[in-house]
Amino acid sequence: MVAENIVECHVLVIGSGGAGTRAAIEAARYGDVVIMSRSVAGKGGCTPMAEGGFNAVMNPEDCSTLHAEDTLRGGAYLNDPELVDVLVSEAPERMKDLVNWGAVFDLTPEKKLAQRPFGGQRFNRTCYAGDRTGHEMMMTLIEHLRVENISILHEISAIELLKSGGKVCGAAGLDRNGNLVLIKADAVVLATGGAAQVYEVNTNCATGNGQGFALAYRAGAELIDMEMVQFHPTGAVHPYDARGRLITEAVRGEGGLLMNKDGERFMERYDPERKELSTRDIVSRSIATEILEGRGTGKGGVYLDVSHLDDRYIEEKLPLMLEQFLNFGVDIRKEPMEVAPTAHHFMGGVRIDTNGATTVDGLFACGEVTGGIHGANRLGGNSLADTQVFGKRAGESAGKSPVAEKEIDPVQVEAIRARLDGYLAGEKSPAEVRKQLKEIMWESAGIYRTEKGLKKALSGIVDLVGEKLKAKGRENLIDCCTVADMITTALLVVRGSILRPESRGANTRTDLDPCIKPEESPYGHTFQSLEKSGIEKAEGN
Amino acid sequence: MSGIKKEKINVSILRQDPSSGSEPEFRDYTVEVNEGARALDVLMAIRDNIDPSLSFRHCCGAGQCGSCAIKINGEPKLACMTAAADKMILEPLDLPVLKDLSVDLVSELSKMPGLVPCECEELPEKDEIDKIKPIRDCIECLCCVSVCPAMKVVDFAGPTRMRQEMRLALDPRDSRNRVPLTVDEGLFTCTTCHACYLSCPKDIEIPGKAIEKLRELANRQGLTLDRHKEVAELVRTTGRSVERSGKTFLEKVPEVIEPYGEVRAEVGFYVGCMYNMRVVQTCLDTIEVLKRNGIRVIVPKEQVCCGSPLIRTGQTQILDHLKKTNIDCFVKRGIDTVLTMCAGCGATLKKDYETPFEVIDINQLLVKYGIEPPEILNVKVTYHDPCHLLRGQGISEEPRELIRMVAKEFVEMPSICCGAGGGVRSGLPDEAKALGKNRGIEIEKTGCDVVVTSCPFCEFHIQESTDRPVKNINSLILEGYRKKDGNC
């Protein structure tokens, strides 16, 4: 007896954010597609929260070589150049898709897509819809999904990839009530996003807890550069429970200034040329240093000020920021925001080729769950582009997978059931374990890292692995699965960081000399799978 | 950061699990949260520390995904954008409940129309983008759907689907003409009560920016309801939106009405069609109250219909002419403050006109200048908030203050549309009746002697659904004065 709820399709897409919906739209050209969405589709993932923009070369004076160079330089040359090439050369086409499907982006008076400056880029390349670009994209994709024949399983959370004979052939999920749902597919696209929720302070939505990394890892896929976690320079510091909430880079792109408590524009000291529009790793470290050295504000941040800009300009370009801060009693037209770095984006993830194929047969991946595109640090505006470029590619590759007889391995299903039963008989509150995990990660695997701290974190997390998580009822099974996967993901981050003996991009080791010329680093990707782990030697170095 | 203060929050949550067949019940919780916590943080604290079975949705935590909409103290709000307060009452939105605070969103969202791209690959013009943007911020939280009174009594696709229809109609990339479909989906059933607008966390003005604009498009395609066309024709030929039935208010009063005593203020008076021609006595009562309180009233006789019935029904061809006539008649007399006593006319003058003078509602005026206290009447009164006064002009406290001056007892009832507005009473009388009937039930529950309101449409319409007398505030105040005078 396998299970009562079995759904069958050609392509299963796990995740309903920007990458997942794009993959589903593309895959639907080849056969029937099912989207498995942990949230009500359209409401989950980090895409609707993305604010600033979408990088694409749209101006004849810009060129994709320049976009590629900026991306590689920003990524401390850890990026896969082939993936970068695909990203920069196809981003304009994917932007056009969105526009053709009805996206309402800001336009210039000449009826061209408006583009704003973003950190680490030598051209105004970031297309936008005010400061709600991701929401605009998501609405467009959902509008398009609604006219496609794609079936959506809302509020079903994936807990395991199903395998048969070494090939991924579907997934197991839990519905709202904790009932097991099995889906058989010829190909699976993993588009589950990132995992910044493993940190105490983060920008991510509630579903950004890294289940995709854990699912892929358990299915035997190889993950790379998991230590590369981007800390966004500007997260909110108030209210306390909402700290970490994203303050878009567009605030700086539109002219916002960073100031310490003494009113000093401190970025002039750290990066005199690019100042506030330096890359995110550098701005985050600069802010963290100001705070650590006692020049932070009373609420534990630094000031980010746009009050010198015209009120109407702020209202048009940063309406969401204005609304969010007004809601918490700060009028950004008149007074500065207070900000501090916040865990934001996973540059590392499942290793893919240019077609979105992972190292496991039948499994494709796109979006933040993948690694290699952004290297050691992602440029703002490149991830929305990434979701569309690689969403389309992964969807297409999965769609072209051969149709075959699909088998579910009853032994694997029994193992899943046994794991779930174990949670029902568990002892420890998953909420408590989650809290401890987030504190460990923030403390020892954050912006600044040392070998000693990482090893302490590792042993702390290993202790958590041993906890017997408890589900009070079936509806809480998902809480246990989620926390278990967060632990797996956190382990991958910490082990990745231990594997990399250099300070590079987002992996800042204070006990090592800074890597002055990352392009000459002797190291390549860190890699981790069930079978092997290590660090590659850089090609040519 | 360690110095963050903690606070204790007591909260009452409506718990229910329809699959178990048990009745919904409030349960009380006390949790400790950090200072500045939001309602969502309170819910998470309860689920993490007290009861993991509490069901609620949340995702982005930043007001962008629309997952966490619930009722907080009776008002739909996003839990992630609302500060926690002690003794909060948390309930699910008025939609089918799955469990506790989680409601069925998918049935409604799956009906939302998508965009079918045409082959043109044409970008919208800047002015089209500017028109789409204000209705594009929707996060599909369904607060508006949960409060829409029309959806509760008739088959209506609802506010956010109408918003989406308008968004599609404005976009050249969707080449379909869906306007006839929107009429079938209930475009004319909206009473323009603005409950959707007020509940919207993104402040999307659905009635003005979607419903009325779709009705304009319907008008251009000849889809306006016959009864609405008759009203427009009446306005075009007579300058008035109602038929003449006797001597009008304007014919009964002089152009300048002097107060009995010292002049404390001078206002121009915009009377409106209903008060001028249907509910004349109420209007005369109000003039008596103004005379008694030192207000000199100037009544230009050439004023015409404000155009509200045309705007609400999408028939705006002669609107500019009406506006000009009305504005000019006051400007010519050098008037800097214009008084309205019809809630609908007041909202129209304030929102749809650009007037060189201030527009003030009668309730605002009387509270601003203060009135001679009337004798307290031995009656129990409830108050019906006119949509165009409460939600259209944001006036809530002033009428209550006036009622408390004259009524011995005042009881509240929920503020819900009576069904008279938006052309529904004239165009879809069955719907108006159904909404009025619901008002009648609420009135009955209060056990009041008198229903007071401040709108001629509400006054007229509600009277058909209740056996209690429905009166304007000023008529009640005048009764108080007469009682006082009689006692002297």
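Bear in mind that the values here come from a model prediction, so they are computed numbers and not experimental data.

### Some thoughts on the overall build of chain A
And then number 1: A count of helical and extended segments in chain A gives 15 helices and 21 strands.
And then number 2: The C-alpha atoms of chain A give 22 Å as radius of gyration, which agrees with the globular expectation for 541 residues (24 Å, within 12%).
And then number 3: Once local pairs closer than 6 in sequence are excluded, the contacts in chain A between residues at least 24 apart make up 74%.
And then number 4: By element, 49% of the accessible surface of chain A is carried by carbon and sulfur atoms, the whole surface being about 18,300 Å².

### A short note on the pattern of salt bridges
Residue and element names in this part refer to chain B.
And then number 1: Overall, the coordinates contain 100 salt bridges over all chains when judged by the stated rule.
And then number 2: Here Arg 468 and Asp 467 are joined by a salt bridge, their closest N and O atoms 3.1 Å apart.
And then number 3: Under the relative-accessibility criterion, Arg 468 is labelled buried at 14%.
And then number 4: On the accessibility criterion, Asp 467 (65% relative accessible area) is exposed.

### Some points on the sheet that holds strand E5 (residues 88-91) of chain B
Residues and elements named next belong to chain B.
And then number 1: If you walk across this open sheet you meet the five strands as E2-E1-E5-E3-E4, and the pairing is mixed. Bordering the open sheet on either side are strand E2 (25-34) and strand E4 (75-78), each of which pairs with just one other strand. Averaged over all adjacent pairs, the angle separating strand axes in this sheet is 35 degrees, with direction ignored.
And then number 2: Bridge analysis of strand E3 (residues 69-72) against E5 gives two bridges, and the strand direction is antiparallel. Pairing of Ile 72 across the sheet is with Leu 90, part of E5.

### Overview of the interface of chain A and chain B
And then number 1: Between chain A and chain B, the contact holds 50 residues from the first and 57 residues from the second.
And then number 2: With both sides pooled, the region where chain A packs onto chain B buries about 4,600 Å², and carbon together with sulfur makes up 55% of that total.
And then number 3: Counting across the interface, chain A meets chain B through 12 salt bridges.
And then number 4: Residues Arg 132 of chain A and Asp 137 of chain B are paired through a salt bridge, measuring 3.3 Å at the closest nitrogen-oxygen approach.
And then number 5: At the boundary of chain A with chain B, the tally comes to 30 residue pairs in polar contact (both at pLDDT 80 or more).
And then number 6: If you list the elements that add at least two residues to the side of chain A that touches chain B, you get helix H3 (81-100), helix H4 (133-147), helix H10 (319-327) and helix H13 (430-444) of chain A.
And then number 7: Examining the composition of the side of chain A that touches chain B, we find that eight residues originate from one element, H4 of chain A, more than from any other.
And then number 8: Looking at the side of chain A that touches chain B residue by residue, the class counts come to 19 nonpolar, 14 polar and 17 charged.

### Focus: the domain arrangement of chain A
Residues and elements named next belong to chain A.
And then number 1: Under the domain assignment, chain A is made up of domain 1 (6-228 + 347-399), domain 2 (236-342) and domain 3 (410-513).
And then number 2: Computed from C-alpha atoms alone, the centre-to-centre distance between domain 1 and domain 3 is 24 Å.
And then number 3: Across the contact, 40 residues belong to domain 1 and 33 residues belong to domain 3.
And then number 4: Both sides together, the interface formed by domain 1 and domain 3 hides about 3,100 Å², and carbon and sulfur atoms give 61% of it.
And then number 5: Here domain 1 and domain 3 share four salt bridges between them.
And then number 6: For Arg 218, the salt bridge identified is with Asp 485, shortest N-O distance 2.9 Å.
And then number 7: Taken together, the connections running from domain 1 to domain 3 amount to 17 residue pairs in polar contact (both at pLDDT 80 or more).

### A few points about the packing of aromatic side chains
And then number 1: Across all of its chains, the model carries seven aromatic pairs over all chains by this definition.
And then number 2: Pairing Tyr 199 of chain A with Trp 442 of chain A gives two aromatic rings, centres 6.5 Å apart and planes at 80 degrees, and the pair type is edge-to-face. Placement of Tyr 199 of chain A in the loop between strand E9 (180-190) and helix H5 (211-218) and of Trp 442 of chain A in helix H13 is noted, with a sequence separation of 243 residues between them.
And then number 3: The exposure class of Tyr 199 of chain A is buried, given its relative accessible area of 0%.
And then number 4: These aromatic residues form a ring-pair network of at least three members: Tyr 199, Phe 231 and Trp 442 of chain A.
And then number 5: Against the face of Phe 56 of chain B rests Arg 47 of chain B, its NZ or CZ located 4.2 Å from the ring centre.
And then number 6: The ring of Tyr 353 of chain B has Lys 323 of chain B lying over it, and the distance from NZ or CZ to the ring centre is 5.7 Å.

### So, the domain arrangement of chain B
All names here are of chain B.
And then number 1: When cut into domains, chain B gives domain 1 (6-104), domain 2 (108-220), domain 3 (241-360) and domain 4 (369-487).
And then number 2: With centres defined by C-alpha atoms, the gap from domain 3 to domain 4 works out at 21 Å.
And then number 3: Residue-level contacts link 24 residues of domain 3 with 26 residues of domain 4.
And then number 4: Across the domain 3/domain 4 interface, buried area totals approximately 2,200 Å², and carbon plus sulfur atoms make up 60% of it.
And then number 5: For domain 3, the biggest contributors to the area lost against domain 4 are Met 274, Arg 292 and Ala 343; these three give 26% of the whole.
And then number 6: Connecting domain 3 to domain 4 are two salt bridges.
And then number 7: Arg 292 is the salt-bridge partner of Asp 485, the closest N and O atoms lying 2.8 Å from each other.
And then number 8: Across the contact surface, domain 3 and domain 4 share 11 residue pairs in polar contact (both at pLDDT 80 or more).
And then number 9: If you list the elements that add at least two residues to the side of domain 3 that touches domain 4, you get helix H12 (273-277), helix H13 (280-292) and helix H16 (343-351).

### Topic: the sheet that holds strand E14 (residues 407-411) of chain B
All names here are of chain B.
And then number 1: Across the sheet, four strands lie side by side as E14-E13-E15-E16; this open sheet has parallel pairing. Strands at the two margins of the open sheet, each flanked by one partner only, are E14 and strand E16 (470-472). Sheet twist, expressed as the mean angle between neighbouring strand axes with direction ignored, is 40 degrees.
And then number 2: In this structure, strand E15 (residues 450-453) lies alongside E16, joined through three bridges in parallel fashion. Counterpart to Thr 453 in the pairing with E16 is Asn 472.

Procedures and definitions
Sequence order sets the numbering: in each chain, residues are counted from 1 along the sequence as written. Working convention: letters from A go to chains and numbers from 1 go to ligands, in the order in which they are written. Given that this is a predicted model, residues contribute local features only at a pLDDT of at least 70 and side-chain atom pairs are listed and counted only at 80 or more, while totals for whole chains, interfaces and linings are drawn from all residues. Each side-chain value is worked out from all heavy atoms of the structure, with water and hydrogens disregarded. Strands are runs of DSSP state E lasting at least two residues, helices are runs of H or I lasting at least four, and both sets are numbered from the N terminus onward. The globule rule used for comparison is 2.2 Å times the number of residues to the exponent 0.38, while the radius of gyration itself is calculated over C-alpha atoms. Contacts were defined at the residue level, with two residues in contact if any of their heavy atoms lie within 4.5 Å. Areas reported here follow the Shrake-Rupley algorithm with a probe of radius 1.4 Å; residue values treat only the protein chains shown as occluding. By convention in these notes, a salt bridge is any Lys or Arg side-chain nitrogen within 4 Å of a carboxyl oxygen on Asp or Glu. Exposure classes here rest on a 1.4 Å probe applied to the protein chains alone. A residue is buried below 20% of its type maximum, exposed above 50%, and partly exposed in between. DSSP calls a pair of strands paired once it identifies at least 2 bridges connecting them. Note on geometry: axes are C-alpha line fits, over the in-contact stretch for helices, and angles between N-to-C directions span 0 to 180 degrees. In this description, buried area is defined as the sum, over both parts, of the accessible area (probe of 1.4 Å) that is lost when the two are combined. Distance and chemistry together define a polar contact, namely a pair of N or O atoms within 3.5 Å, with one atom able to donate a hydrogen and the other to accept it when in protein, and with adjacent residues in sequence counting only for side-chain atoms on both sides. Gly is put with the polar residues, along with every residue not named as nonpolar or charged; the nonpolar set is Ala, Val, Leu, Ile, Met, Phe, Trp, Tyr, Cys and Pro, and the charged set is Asp, Glu, Lys and Arg. Where each domain starts and ends comes from a domain assignment, either automatic or drawn from a database. Within 6.5 Å between ring centres, the rings of Phe, Tyr and Trp (the latter by its six-membered ring) count as paired, and their orientation is classed by plane angle as stacked under 30 degrees, edge-to-face over 60, tilted in between. Remark: a charge is flagged as sitting over a ring if the NZ atom of Lys or the CZ atom of Arg is within 6 Å of the ring centre and within 35 degrees of the ring normal.

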